[in-house]
Amino acid sequence: MSGLCGELFVIPLEAGRYLVYAPLRRAAFLANVGTVRSLAVLEAGNGGEPSGSLVAFLQKLGFLDGPPEIQPVTTFTGEPAPVAVTLLLTTACNLRCSYCYASAGDGPVQSMTLETARRGIDFVAGNAASRGVPWFEVNYHGGGEPTMNWPVLTASLEYAREKAAATGLELRSSLATNGVLSDSHIDWIVSSLRGATVSYDGLPAVHDLHRVTRTGAASSHRVMHTMRRFDAAGFYYGIRLTLIAGQLATLPDSVEFICS
């Protein structure tokens, strides 16, 4: 055993539990104090072998005797030629989240035009063709809630499809959404996009503390409806959970609730 590989972070939770995670390995687990002490021994290389089951578990995750971590790319050369574009369609939003980084919906609404969206799509499709990459990617994000600029969302995706067909390239598309959607919008997303990221904060009481509608109403039931519709359709989506410092103790229960 050569020891722990890469960088681990240990966060104390409650009742003697800890969150152990390695960002570059995309792995995390809950641990008790005994496991944390064993990790400290392994990291220091002071002997005192942990149990065989813990060793096998750490090796499976790549935390122990694993390959080198893949570092993020930090330097580039030449002119930028991306094959993916993220279109920030609007600053309008149907929620008023207390922690919104963009203060969406609080100021004058700014919305992307279809012409601007087309220029972004042309740019990445052209780069993909010139670089010999067989696909290009169009993602929708905010600003605000992308579906609030519905005409440009739907028309730009149709344009991207036409561009892909004309150039013989594969189109990859996704959407970031707060999940407060009508059933007709859900139907379009399921039939038109390859995936989505849904903002949902876990336990309904936690979610509804910060993510409310324009009138101050709870939104968790609306988001759960959307996710259940996605599940029923076999649609691929991920969940983005925003964690407030004072709610760190609720994280394990929120993750368990989401997974259930």
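Structure first, text after, so check above.
For every chain, the first residue of the written sequence is number 1, and numbering continues from 1 onward in sequence order. Residue-level local features of this predicted model are given only where pLDDT is at least 70; pairs of side-chain atoms are given and counted only at 80 or more, and the full residue set underlies all totals for whole chains, interfaces and linings. Hydrogens and water molecules were not included; the side-chain quantities draw on all heavy atoms of the structure.

Honestly, the overall build of the chain in this entry has me stumped. Any pointers?
In terms of regular secondary structure, the chain is built from eight helices and eight strands. The dimensions of the chain, computed from C-alpha atoms along their principal axes, are 65 × 50 × 35 Å. Split into buried and exposed, the 260 residues of the chain put 39% on the buried side. In the chain, the proportion of contacts linking residues at least 24 apart, taken out of those at least 6 apart, comes to 67%. Methods summary: accessible areas were calculated by the Shrake-Rupley approach with a probe of 1.4 Å, and residue burial reflects only the protein chains presented. When the accessible surface of the chain is summed, it comes to about 14200 Å², and 55% of that surface belongs to carbon and sulfur atoms. Secondary structure counts use DSSP, requiring at least four H or I residues in a row for a helix and at least two E residues in a row for a strand, with both numbered from the N terminus. The classification of residues rests on relative accessible area computed with a 1.4 Å probe and restricted to protein chains. Under 20% of the type maximum is buried, over 50% is exposed, and intermediate values are partly exposed. Any two residues whose heavy atoms approach within 4.5 Å at even a single point are treated as in contact.

Please clarify how the packing of aromatic side chains should be interpreted in this entry.
The geometry of an aromatic ring pair is captured by the separation of the ring centres together with the interplanar angle, meaning the angle of the planes. Pairing of aromatic rings covers Phe, Tyr and the six-membered ring of Trp, with a centre-to-centre limit of 6.5 Å; geometry is then stacked below 30 degrees between planes, edge-to-face above 60, and tilted otherwise. Applying the stated rule across the entire model yields six aromatic pairs. Of the aromatic side chains, those joined through ring pairs into one cluster are F29, F57 and F63. Comment: the charge-over-ring label is applied if NZ (Lys) or CZ (Arg) is within 6 Å of the ring centre and within 35 degrees of the ring normal. Its end group placed over the ring of W135, R172 keeps NZ or CZ at 4.1 Å from the ring centre.

Could you clarify how one ought to interpret the environment of C259 in this entry?
You can see C259 is positioned in helix α8 (residues 251–259). Taking C-alpha positions, C259 is 9.4 Å from G202, a pair spaced 57 residues apart along the chain.

When you look at helix α3 (residues 114–131) in this model, what are you seeing that I'm missing?
Count 3.6 residues to each turn of an α-helix, and residues three or four apart come out pointing the same way. Under the convention used throughout, the expected extent of a helix is 1.5 Å for every residue step, that is, one less than its residue count. With 18 residues, α3 should cover 26 Å at 1.5 Å per step; its first-to-last C-alpha distance of 26 Å lies within 8% of that length. At its buried positions, α3 is contacted by β4 (84–88), β5 (135–141) and α4 (150–167). Positive backbone phi, at 75 degrees, marks G132, one or two positions downstream of α3.

Looking at this structure, I do not really get the packing of α4 against helix α5 (residues 183–192). What am I missing?
Here an angle of 0 to 180 degrees is reported between the N-to-C directions of two axes, which are lines fitted to C-alpha atoms, with helices fitted over the stretch in contact. α5 packs onto α4 with a crossing angle of 15 degrees between their chain directions and a minimal axis gap of 13 Å. Between α4 and α5, the interaxial angle falls into the category roughly parallel. For the pair α4 and α5, the sense of crossing is left-handed. Only H185, W188, S191 and S192 of α5 make contact with α4, whose side of the interface consists of W150, L153, T154, L157 and R161. Its residues assigned to classes, the contact of α4 with α5 comprises four nonpolar, four polar and one charged. Angular relationships are summarised with four words: roughly parallel below 35 degrees, roughly antiparallel beyond 145, roughly perpendicular across 65 to 115, and oblique for the angles in between. Helix crossings are classified by the rotation of the near helix relative to the far one: an anticlockwise turn of less than a right angle makes the crossing left-handed, while a clockwise turn makes it right-handed. Side-chain classes follow a simple rule in which Ala, Val, Leu, Ile, Met, Phe, Trp, Tyr, Cys and Pro form the nonpolar group, Asp, Glu, Lys and Arg form the charged group, and the remainder, Gly included, forms the polar group.

I would appreciate a short explanation of the sheet that holds strand β1 (residues 9–12) in the present structure.
Think of a sheet as strands paired side by side through backbone hydrogen bonds, with each pair either parallel or antiparallel. What makes two strands pair is DSSP finding at least two bridges between them. Taken together, the three strands give an open sheet; going across it, the order is β1-β2-β3, and neighbouring strands pair in antiparallel fashion. Edge positions in the sheet fall to β1 and β3 (27–32), since each of these pairs with one other strand and no more. Ignoring strand direction, the axes of neighbouring strands in this sheet form an average angle of 25 degrees. Bridge analysis of β1 against strand β2 (residues 17–22) gives four bridges, and the strand direction is antiparallel. What sits directly across from V10, in β2, is V20.

Would you take a moment to explain the pairing of β2 for this structure?
Linkage of β1 to β2, two consecutive antiparallel strands, is achieved through a turn of four residues, within which A15 is found at a positive phi near 55 degrees. Bridge count between β2 and β3: six bridges; the pairing is antiparallel. Across the sheet, V20 pairs through a bridge with F29, a residue of β3. The hairpin formed by β2 and β3 contains four residues between the paired strands, and R26 there has a positive phi angle of roughly 55 degrees.

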